[in-house]
Amino acid sequence: MNPGQYLPLMASITGILMIFVSYLVVRSKDLVYASTSLAALGILNALMIGLLGYYIIAIFLTIVYVGAAVMFIIITVSMLGGRSKEIKDEYKGLFTGASVVTVALLIVSSLGAYLGYTRPSSIPASNVADSLLTGYTPVIALIFVALAATLIEAIAIARRG
Amino acid sequence: MAIIDSAVAGIALVTSAVMMGIAAYGMTYSRNFIRQLLSIEVLFNAVLLFIIVLSTLSPALLTGFGVVLISIVSGEVIVVVAIIAAFYRVGRTLDSSSIEEEGV
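Cut-offs applied
Residues numbered from 1 in each chain as written. Chains lettered and ligands numbered in written order. Predicted model: local features only at pLDDT ≥ 70, side-chain atom pairs only at ≥ 80, totals over all residues. Heavy atoms only, no water. Helix = DSSP H or I, 4+ residues; strand = E, 2+ residues; numbered from the N terminus. Buried < 20%, exposed > 50% of the residue type's maximum accessible area, 1.4 Å probe, protein only. Contact = heavy atoms within 4.5 Å. Areas by Shrake-Rupley, 256 points an atom, 1.4 Å probe, with all protein chains shown as cover. Buried area = accessible area lost by both parts, 1.4 Å probe. Salt bridge = Lys/Arg side-chain N within 4 Å of Asp/Glu carboxyl O. Polar contact = N/O pair within 3.5 Å; in protein donor to acceptor, adjacent residues only side chain to side chain. Core = buried A, V, L, I, M, F, W, Y, C linked by side-chain atoms within 4.5 Å. Phe/Tyr/Trp six-rings, centres within 6.5 Å; stacked < 30°, edge-to-face > 60°. Domains from an automatic or database assignment. Axes fitted to C-alpha atoms, helices over the stretch in contact; angles between N-to-C directions. Parallel < 35°, antiparallel > 145°, perpendicular 65-115°, else oblique. Left-handed = near helix turned anticlockwise from the far one by under 90°.

Undergrad: Talk me through the overall build of chain A; I want residue IDs and the actual numbers.
TA: Assigned secondary structure in chain A consists of six helices and zero strands. Overall, chain A shows an N-to-C arrangement of helices and strands of α-α-α-α-α-α. When the 161 residues of chain A are sorted by exposure, 38% land in the buried category. Long-range pairs, those at least 24 residues apart, make up 69% of the contacts in chain A with a sequence separation of at least 6. Element-wise, carbon and sulfur atoms account for 72% of the exposed surface of chain A, whose accessible area totals about 9,300 Å².

Rendered as structure tokens:
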């Protein structure tokens, strides 16, 4: 029995869980629970990306995004207080959400890009590093500077209040 | 195996499309800064999934692009959360409409 034949089933379960967790992020009354659901969404997203064959992105997403960025959000929201008064406009949100889903599904069905999708056989980390450091060195340098500036800016904003 | 790969990719695309809708709903229905930030993060997850399925031309280049994208979004989160913390310290509110009303 080929274990690969269970991939669509696993992808379906992961997809349903992702939609449910996304709904929890948006609708959960307590913002701490909402941001914790965002961490779960990041892990499920990494699982889906792993099922698509991109293991390096999946690992990087889990370590950097879930492990650092989302944890930062959870800690900040916990300090600010999870429950706060919210002004809501349900109909506006429903209209916008339905419009975006319709347009996105139309694009997905019209492109048909998933029909030719093939899982990458194996992407060694050295190939990724080569493609980044040879062809995109200025971009990488710019990102290093931008992230360092971001960190300094964030500390300055938070200290100044 | 090609049919299985296409099925997984199709499921991922539909999931990301629905997630984009949920994120758009969250961004417009609430005026709470943190809720809007969380909705933008849901949108980021959806777009990352969408890009991965659509870009099948160069897996190595896409992996590099994904790493760069995740790094930038992580930096963006830090700045936005710092701004929200500073805004809350000054105005004692997380309501985004109070910017227009009070000029906080």
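After that view, the rundown keeps rolling.
Undergrad: Just give me the short version of the overall build of chain B, but keep the residues and values in it.
TA: Counting secondary structure elements, chain B contains four helices and zero strands. The N-to-C order of helical and strand elements in chain B reads α-α-α-α. When burial is assessed residue by residue, chain B has 62% of its 104 residues classed as buried. Counted over contacts in chain B with a minimum sequence separation of 6, partners at least 24 positions apart contribute 55%.

Undergrad: Just give me the short version of the interface of chain A and chain B, but keep the residues and values in it.
TA: Each partner contributes residues to the interface: chain A has 83 residues there, and chain B has 74 residues. Between chain A and chain B lies a buried interface of about 6,900 Å² when both sides are counted; carbon and sulfur atoms form 78% of it. Where chain A touches chain B, the interface holds zero salt bridges. Remark: the boundary between chain A and chain B carries eight residue pairs in polar contact (both at pLDDT 80 or more). If you list the elements that add at least two residues to the side of chain A that touches chain B, you get helix 1 (7-27), helix 2 (31-51), helix 3 (55-80), helix 4 (90-111), helix 5 (125-135) and helix 6 (137-160) of chain A.

Undergrad: Lay out the nonpolar core in plain terms, naming residues and giving numbers.
TA: In globular proteins that are soluble, nonpolar side chains generally tend to be buried together. In terms of nonpolar packing, the biggest core is built from 67 residues, with Leu 38, Ile 49, Leu 52 and Tyr 65 of chain A touching the most fellow members. Sorting elements by how many residues they give to this core places helix 2 (residues 33-54) of chain B first, with twelve residues. Once residues lying within four places of it in the same chain are set aside, the contact partners of Leu 38 of chain A are Val 25, Tyr 65, Val 70 and Ile 73 of chain A together with Leu 38, Glu 41, Val 42 and Asn 45 of chain B.

Undergrad: Break down the environment of Gly 67 of chain A for me, with residues and values.
TA: Residue and element names in this part refer to chain A. Among the structural elements, Gly 67 can be located in helix 3. Among the residues examined, Gly 67 registers a relative accessible area of 45% and is labelled partly exposed. Sequence separation between Gly 67 and Ile 43 is 24 residues; the distance between their C-alpha atoms is 9.8 Å.

Undergrad: I'd like a rundown of the packing of aromatic side chains, residues and numbers included.
TA: Here the structure, examined in full by the defined rule, presents three aromatic pairs over all chains. Judged by centre distance (5.1 Å) and plane angle (50°), the rings of Tyr 65 of chain A and Phe 44 of chain B are tilted. Of this pair, Tyr 65 of chain A sits in helix 3 while Phe 44 of chain B sits in helix 2, which puts the two residues in different chains. With relative accessibility at 1%, the residue Tyr 65 of chain A sits in the buried group. Note on Phe 33 of chain B and Phe 87 of chain B: the rings are 4.9 Å apart at their centroids and 90° apart in plane angle, and the pair reads as edge-to-face. Here Phe 33 of chain B, found in helix 2, pairs with Phe 87 of chain B, found in helix 3 (residues 59-91); they are 54 residues apart in sequence, far enough to count as distant.

Undergrad: Provide a residue-level description of the domain arrangement of chain A, including the pertinent values.
TA: By the assigned domains, chain A splits into domain 1 (3-120) and domain 2 (124-161). On a C-alpha basis, the centres of domain 1 of chain A and domain 2 of chain A stand 24 Å from each other.

Undergrad: Help me get a handle on the side chain of Ser 22 of chain A, residues and values and all.
TA: Along the chain, Ser 22 of chain A falls in helix 1. Residue contacts for Ser 22 of chain A: discarding those within four places in its chain leaves Leu 41 of chain A together with Met 19, Ile 22 and Val 42 of chain B.

Undergrad: Tell me what's going on with the packing of helix 4 of chain A against helix 1 (residues 2-29) of chain B, and back it up with residues and numbers.
TA: Interhelical geometry of helix 4 of chain A versus helix 1 of chain B gives an angle of 155° and a closest axis separation of 7 Å. Relative to helix 1 of chain B, helix 4 of chain A is oriented roughly antiparallel. Two packed elements cross with a definite hand, and for helix 4 of chain A against helix 1 of chain B that hand is right-handed. Residue-level inspection shows Glu 90, Lys 92, Gly 93, Leu 94, Thr 96, Gly 97, Val 100, Val 101, Ala 104, Leu 105 and Val 108 of chain A of helix 4 of chain A in contact with helix 1 of chain B, the latter providing Leu 13, Val 14, Ala 17, Val 18, Met 20, Gly 21, Ala 24, Tyr 25, Thr 28 and Tyr 29 of chain B.

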